[in-house]
Structure formats: structure tokens, C-alpha cells
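# Fold and geometry: a report
This is what each chain is made of:
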Amino acid sequence: MTTTPLLEAVDVVREYRSPRRSLRTPGQPIRALDGVSVQVHEGEAFGIVGESGSGKSTLSRILMALDQPTSGTAFYQGQRISGVPERRLGFLRRDVQMVLQDPMSSLNPRMRVADIIAEPMRALRLPGDHRARVAELMHSVGLPEEAVTRYPHQFSGGQRQRIAIARALAAGPKVIVGDEPVSALDVSVRAQILNLLTDLAEQFKLTLILVSHDLSVVRYLCDRIAVMNQGRIVETGDTESIYADPRHPYTQRLLSAVPTLSGDLLDRFNRSST
Amino acid sequence: MTSVADAPPDATADVVAAGPVKPRRRWNLTLVIGAGLVGLVVLTALVSFLWTPYDPTRVDPSQTLLSPGGDHWLGTDHFGRDIVSQLLVGARTTLFVGVVAVAIAAAVGVPLGLLAATGHRWLSEPVMRALDIVFAFPAILLAIILAAGFGASTLTGMIAIGVANVPVFGRLTRAGAMQVLQSDFVLAARSYGRRGVVLMVRYVLPNIAALLIVQASVSFAHAVLAEAALSYLGYGTPPPTPTWGRMLQEAQNYFVVQPMLAVWPGLAIALSVLGFNLMGDGLRDALDPRLRGR
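Sequence order as written defines residue numbering, which begins from 1 separately in each chain. Whichever chain is written first is A, and whichever ligand is written first is 1; the rest continue in order. Thresholds applied to this predicted model are a pLDDT of at least 70 for local features of residues and 80 or more for the giving and counting of side-chain atom pairs; totals over whole chains, interfaces and linings are not thresholded and use all residues. Heavy atoms throughout the structure, all of them, feed into the side-chain values; hydrogens and water do not.

### Quick notes on the overall build of chain A
Counting its regular elements, chain A contains eleven helices and ten strands. A principal-axis box enclosing the C-alpha atoms of chain A has dimensions of 65 × 55 × 50 Å. Relative to its full complement of 274 residues, chain A shows a buried share of 55%. Contact between two residues is taken to exist if any of their heavy atoms lie within 4.5 Å; hydrogens are not considered. The contacts of chain A with a sequence gap of at least 6 include a subset with a gap of at least 24, amounting to 67%. Only the protein chains shown count as cover for residues, with accessible areas throughout obtained via the Shrake-Rupley method and a probe of 1.4 Å. Accessible area of chain A: about 12800 Å², with a carbon and sulfur share of 49%. In this tally, Lys and Arg are treated as positive and Asp and Glu as negative; His is ignored, and so are the chain termini. Note on charges: their place is set at NZ of Lys, CZ of Arg, CG of Asp or CD of Glu. Charge centroids of chain A, computed over 33 positive and 30 negative side chains, lie 8 Å from each other. In this text, helices come from DSSP runs of H or I with a minimum length of four residues, and strands from runs of E with a minimum of two, each type numbered from the N-terminal end. Working definition: with a 1.4 Å probe on protein chains only, accessible area under 20% of the residue-type maximum means buried, over 50% means exposed, and in between means partly exposed.

### Concerning the overall build of chain B
Of regular secondary structure, chain B possesses nine helices and zero strands. Counting from the amino terminus, helix and strand elements in chain B follow one another as α-α-α-α-α-α-α-α-α. With 294 residues in all, chain B has 43% of them scored as buried. When contacts within chain B are restricted to residue pairs at least 6 apart in sequence, long-range pairs at least 24 apart make up 69% of them.

### Considerations on the confidence of the model for chain B
All names here are of chain B. pLDDT gives the predictor's per-residue confidence on a scale running from 0 to 100. In the predicted model, chain B carries a mean pLDDT of 80, and the fraction of residues at 70 or more is 88%. Mean pLDDT per element in chain B: helix H8 (residues 244-251) is the minimum at 79, and helix H6 (residues 184-191) is the maximum at 91. Overall fold confidence for the complex sits at a pTM of 0.79, while the interface term, ipTM, reaches 0.86.

### Describing the side chain of Arg167 of chain A
Looking at the secondary structure, you find Arg167 of chain A in helix H6 (residues 157-170). The buried charged residue Arg167 of chain A lacks any salt bridge partner; its closest oppositely charged side chain belongs to Glu119 of chain A, at an N-O distance of 8.3 Å. In terms of polar contacts, Arg167 of chain A uses its side chain to reach the backbone carbonyl oxygen of Ser106 of chain A, at 2.9 Å. The contacts of Arg167 of chain A, once residues within four sequence positions are left out, are Gln97, Ser106, Leu107, Ile116, Ile117 and Pro120 of chain A together with Ala188 and Tyr192 of chain B. Whenever Lys or Arg places a side-chain nitrogen within 4 Å of a carboxyl oxygen from Asp or Glu, that contact is recorded as a salt bridge. In protein, a polar contact means a hydrogen-donor-capable atom and an acceptor-capable atom, both N or O and within 3.5 Å, with residues adjacent in sequence counting only if both atoms are side-chain atoms; elsewhere, any N or O pair within 3.5 Å suffices.

### Focus: the side chain of Thr93 of chain B
Residue position: Thr93 of chain B is located in helix H2 (residues 83-117). Contact partners of Thr93 of chain B, with chain neighbours within four places excluded, come to Thr154, Glu227, Thr237, Thr241, Pro242 and Thr243 of chain B.

### Considering a nonpolar patch on the surface
Patches here are clusters of residues that have more than 30% relative accessible area and form no salt bridge, with a 9 Å joining cutoff for like charges and a 5 Å cutoff for nonpolar side chains (Val, Leu, Ile, Met, Phe, Trp, Tyr). The grouping of Val42, Leu46, Phe49, Leu50, Trp51 and Trp73 of chain B at the surface amounts to a nonpolar patch, some 720 Å² of accessible area in total. Classification of Phe49 of chain B by relative accessible area gives exposed; the value is 56%.

### Concerning the nonpolar core
Ile117, Met138, Ile163, Ile165 and Ile225 of chain A together with Trp244 of chain B are the most contacted members of the largest nonpolar core, which totals 94 residues. Of all the elements, helix H7 (residues 196-233) of chain B adds the most residues to this core, at ten residues. By nonpolar core we mean a set of buried residues, namely Ala, Val, Leu, Ile, Met, Phe, Trp, Tyr and Cys, connected to one another through side-chain atoms within 4.5 Å. One finds Leu59, Leu89 and Val175 of chain A together with Ala188 of chain B within the second-largest nonpolar core, a separate group that totals 33 residues.

### Side note on unusual backbone geometry
Residues and elements named next belong to chain A. Even without being a glycine, Ala65 presents a positive backbone phi close to 55°. Within the fold, Ala65 resides in the loop between helix H1 (56-63) and strand S4 (71-76). Given a relative accessible area of 4%, Ala65 falls into the buried group. Phi angles above zero are rare outside glycine, and Glu180 is one such case at about 50°. Residue position: Glu180 is located in the loop between strand S7 (175-179) and helix H7 (187-203). Owing to a relative accessible area of 7%, Glu180 belongs among the buried residues under this scheme.

### Section: the UniProt feature "transmembrane region" (unreviewed entry) in chain B
UniProt positions are given in the numbering used here, feature names are shortened, and annotations may be inferred rather than shown by experiment. Following the UniProt record, the feature "transmembrane region" (unreviewed entry) maps to residues 29-51, 95-118, 130-149, 204-235 and 255-276 of chain B here. Secondary structure content for residues 29-51 of chain B is 96% helix and 0% strand, while the C-alpha to C-alpha distance between its ends is 31 Å.

### Describing the pattern of salt bridges
Tallied over the full model, the rule gives 21 salt bridges over all chains. Its salt-bridge partner being Glu136 of chain A, residue Arg133 of chain A comes within 3.1 Å of it at the nearest N-O pair. Placement of the pair is Arg133 of chain A and Glu136 of chain A together in helix H5 (residues 130-140), with a separation of three residues, close to one helical turn. One salt bridge connects Asp132 of chain B with Arg129 of chain B, and the closest N-O pair in it is separated by 3.1 Å.

### Describing the sheet that holds strand S8 (residues 207-212) of chain A
Adjacent strands of a sheet form backbone hydrogen bonds with each other and so pair up, either parallel or antiparallel. Residues and elements named next belong to chain A. Strand order in the open sheet made by the six strands is S6-S7-S8-S3-S9-S10, with mixed pairing throughout. The sheet is open, and its two borders are formed by strand S6 (96-99) and strand S10 (232-238), each paired with just one other strand. Each strand of the sheet is rotated relative to its neighbour by a mean of 15°, with strand direction disregarded. Paired strands, as defined in this entry, are two strands with at least two bridges between them according to DSSP. Both strand S9 (residues 224-229) and S10 contribute to a ladder of six bridges, which runs antiparallel. Bridged to Val227 within S10 is Glu235. To obtain an axis, a line is fitted to C-alpha atoms, over the contacting stretch when the element is a helix, and the angle between two such axes runs from 0 to 180 degrees between their N-to-C directions. Along the sheet, H6 makes contact with S6 and S7, crossing S6 at roughly 175°.

Right, here's the structure in full:
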């Protein structure tokens, strides 16, 4: 893979300022990202894992130019996207779409589903029959076409996330960034949404960037992962090799924290099933 | 593969439609009562153009301070003018002043509030401080200054009340907009390139509409009261055009002789204020898709 990466972050630092405690002491800077470099290649499913506060969401925002790095730069298809005025980011806005954690808050409660899904096409002034495209997208995500006249609150959590996915697909993107796309959903619905994402990624030849704290989700979906801790990437590599042989102590701790059936418990389970 | 892969691939299990959508309940009792009272005021004002029992400005020295009943249903004032006729015509001023004052306040305050919410420090701070200055300025004082400069008139009163309410709308809009701008759906909208005026109109305004409607109804009620106060002080609509406020003012001199004189305009003001408040509450609920029933 010597080609230009699709999305790239180079030495990205993002500092926030904590609110000032008093008139005399100014807010202290907090480093959410501390010199992060990462490359995402076309067609792969890339996972960003880490505990909450590790900077994984901030990194995803910077890769979408929804947040600006304090220093360092992000690139899309080799073009600089950090510090670029919004009006010159049309190519990025069309190609990269997002699915957020809580579909209740990520869908405008005052819009009907038909408008929600058509919004990206309208905002980007894409040609074509938007209504037909909405119907097609509803079908792609497994929702009944008649439901487009309803409002988001009239759907279940899983259905809402399907609407969010349909919206993300509407503009015909190349990349979908999922920021904890299943964390707010019932366990019973998670698998369906994850399968939907993988199926659609394959069907539309999408590059997936998945931000999650849930290691099993990332393992299931991603080809490559980056493990983040306290604003730094501590380890990057193929998912299977990292799971098989974690190098960094933080990764080892993270993996050992995943509840599994092993040892004594597994023995008992095996004995009782035979 | 893990067990996750065993789920059905097309996964329509949770997609069973939630049954037929119940017919939406756009009307609620609060709205009906509020709209009824407001409708009554509007109707009164409209009727006054076509018909009043007597000429509201006709002075009749032989018929002063009559009690309700007889030829004059609600009696007459100290000049012998018919109370019903004055109330009917007074409704025009009340409505007109209320509508125009709230329109001025919202038309200036909402855009300023949205501007202040965008977060550009060099824009936000001056706008907010300017609103604070107007806010600190009593409406009555503003009206007196305007009246001194341009003469007391209905227009002066409307502008004074409108300007005094601009900061109310400005601050409310800013607070509401800042909250909406933090939400996930705005983040998503930015990710497909929505920004600027369209973002404000399609995403922010509909989500603070409820706040603004309630504020408009409260401001309307305040405007009715403020107009009454201005007329009462002599800085609003000049005589002989009847207004509820001045009727109330004139009644106080004859309160001992004919207490009912103060009751009628007072009741008219109270009922219309109540009507606008109830209508605002009702509209807020009726316009929220989440409250229209699942």
C-alpha cells in the first residue's frame, strides 16, 4: 500500500482550554490529541479504539474537518483539509459522512424522515430525483418506504439508526465515519446494525472508520485498528495480529479487560455441555 | 467468527412498522380556550368597524355615569359616552399595538440573537452588550422620550414597546440557538455542508420555535398592558380615540360614584392577556411533533 492514503492525519495536536476557575487563573490547556498521525486507506475498515477521554472522537472530528487541530494537519486524498475555509471543503463534505452514537439526538426532531434523508443531497446540490433516491435508501437500510412521512420520535432506536445510516449514504459518500454507532442501542439490535453497516460498505465500496470503546465491535468489523490512550496512538496494526499479539502494555490491559469465557469457567462450561 | 455473525443478514426484526399512525391531535383544550379568547378580541375589533351601539365619542351630558342596563348595556362614563361602544373600538388599538410591537421585537431581536449565537467573539459581545443597554432602559422612559420628540401617538407607543422587547427576544434566541448548535444533528448537518443562514433557518429556528412562540404570547400580553399604561399616563394614543388603558385611567376619578366603569376595561385587558398566554402555551404543544402523540 504505497498509494496516497484516503484520509491522513499528520502530527495532530488538539488542545482545549478548561473553563477558568477564577478571574485571576486562566483555564488550563488540556491535550485531547497529542501528536497523532494516522493513515486510512481506501476500501478498508479502520477502527479507532480506546477508553472514553482517549481522544478518539476528537480525532474523527478532525479527520472530517469538523474540528480544527491546534497544530498538525489532516489530509483527504492528499489535499489539506485543516484550516481550510468551509466553502472550499465541498469535496470532503460530499465524500465523507458520519453516523453518530445517539440517533435520537443526531436526527432533527422537527423534520420528517423524507427531509432528513434528502438533506445531504439538497445541501450539496446534487442533481437527480431526491424522492426516488430517498425511497431507494429506505429500502437499502430495510425500512418501509411509507415511513418517510413520519418524524424520528415515531421510530425505535434501531430504526432511527437505520435512518441515520440512510442519510449518511444519501450523498453517495466514499467514507463513512461511525462514532460509536451501536453503543446507544439495545444489545439485541446491535448485531443487525453492524451487519447492515458491513453489508452496505461492501455494496457501495465504502471506506469505514469506526470509533468505539467496544473491542468486540471493532474486532468484528475492522481490518486495521489504532489503539488510543490519553491522546496518543499507542499501537496500530492489523486487527487480528493486535488481538493475537498485543505489543503495547496498554493494549494488553485493554484486551485482558474484555470479558471472555476462559479458564475455570470455560472448563465448567465444556464439561456441562458434553 | 463470533456469535455476532449469526444474526439474520437483512435484519428486519425491529423494522416491523409501529402500526398505523394515530391521527394527530393538533388541538388541545388550552389552545381552544386561548384561541377562543383571542378570537373574541379580534371579533370585537372587527365588529367595531361595522357597528357600534352608539358613536363611541358622542358626549351626552344628560346621560353621565349611568349604571349597566337600560339603553346603555354597560352604562356610560363621565361624559355620557357609551361603554360598550368604547370597548369595541378600544379592542382595535389593543390588537394593533400588540401585533406591531411584538412583530418589531421579534423581527429585530431574533436575527440579532442568532448572530450572537454564532460564536464570533467580535460579533457576539457587542450585540449582547447593546441588548443589555436597551434592556436596562425602562419601556415607559423610552416611550416618554419618543413622545417628547415625536408627539404622543399610537405609533410612538408601538415603537417604544417593540424596541423595549427586542432584548427579550434577542437573549432568548441566543440562549436557545447556542443549545441547538451544540446538538448532534447540527454536527451531522455540518458534515454534509449545511452552514450559515440555511443552517439557522432549517435546523435552529424550528427547534427554538416553541420558545419564541411562548415568548411572543407573553410579550403580546405585556404589550397590551404597556399600551394601557402608556395611554393611562397620556403617552400613548391621544384622546378622543378610545383605548382600554385610558378608559381605566379615566374611571379612577369616578371610582366611588360608578365603580363599574373600571371593571369593564380591566376585565377586557385581563381576558385578552389571559387569552394570549393560553394560546401561546397551546400553540407550543400543538407545534411540537413529539407531543402530537406517537
